[in-house]
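Take a look at the letters that make up each chain.
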Amino acid sequence: PKTALQGIRKHGCIEQFIASLNTTRHPVPDDFPIDDVRRLLSDPEVIPSENVSLEWNAKPDEQGLVKFLVEEKGFSEKRVKGGLEQLIKAKKQIPQSRISSFFVKKPAQDAHSLPTNNATANSSQGQAAEEQISKKRSRSTPGAINAADTLKTKKSK
């Protein structure tokens, strides 16, 4: 069915698609129901969605599905059974976690409730030293090496 639809789309109509077929490889019967095929493609049998109830957690009706797809719709029994095996195998697997589950939003803390330790005190002292160095740099001549540059290189090592 899929290849036939592609051929009809490529050639524009059923008659031209049939004429383009290799009749030795794909013989077309003399009593080919071209009008029925055209009607089926232009007006397919569809059940209104209001008349269908889906249960996604239900186990698939394997026999009913094989009967419908193979006997009524002409699918290959081997391919249908292979697809059913994949479906059953996939239903047994645990679903993949969402990426958002790795990122947990922590509650905000007040400035008064933040812990104070030596690292916090040292970082504020370090910031004050950096500010003094940048003030000295702005007063020094461009390109000249001064004590502030020396202090900065010793600190980074």
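Computed from a predicted structure; not experimentally measured.

## What about the confidence of the model for the protein chain?
Part 1 of the argument: Predicted confidence across the protein chain gives a mean pLDDT of 76, with 69% of residues reaching 70 or more.
Part 2 of the argument: Element-level pLDDT for the protein chain is lowest in helix α7 (residues 147-156), with a mean of 53, against a maximum mean of 91 in helix α4 (residues 62-72).

## Side note on the pattern of salt bridges
Part 1 of the argument: A full pass over the atoms with the stated rule returns three salt bridges.
Part 2 of the argument: The salt bridge partner of Arg38 is Glu15, with a shortest N-O separation of 2.5 Å. A residue pair is termed long-range when its members are at least 10 positions apart, and Arg38 in helix α3 (residues 34-42) and Glu15 in helix α2 (residues 14-20) qualify at 23 residues.
Part 3 of the argument: Residue classification places Glu15 among the partly exposed residues on the basis of a relative accessible area of 36%.
Part 4 of the argument: One salt bridge in this structure joins Arg38 and Asp35, with 3.6 Å as the shortest N-O distance. With Arg38 and Asp35 both in helix α3, this residue pair falls three residues apart, about one helical turn.
Part 5 of the argument: Asp35 sits in the exposed class, given a relative accessible area of 55%.
Part 6 of the argument: Linked through salt bridges whose partners overlap, the residues forming this network are Glu15, Asp35 and Arg38.

What counts as what
Residues numbered from 1 in each chain as written. Predicted model: local features only at pLDDT ≥ 70, side-chain atom pairs only at ≥ 80, totals over all residues. Heavy atoms only, no water. pLDDT = per-residue confidence, 0-100. Helix = DSSP H or I, 4+ residues; strand = E, 2+ residues; numbered from the N terminus. Salt bridge = Lys/Arg side-chain N within 4 Å of Asp/Glu carboxyl O. Buried < 20%, exposed > 50% of the residue type's maximum accessible area, 1.4 Å probe, protein only.

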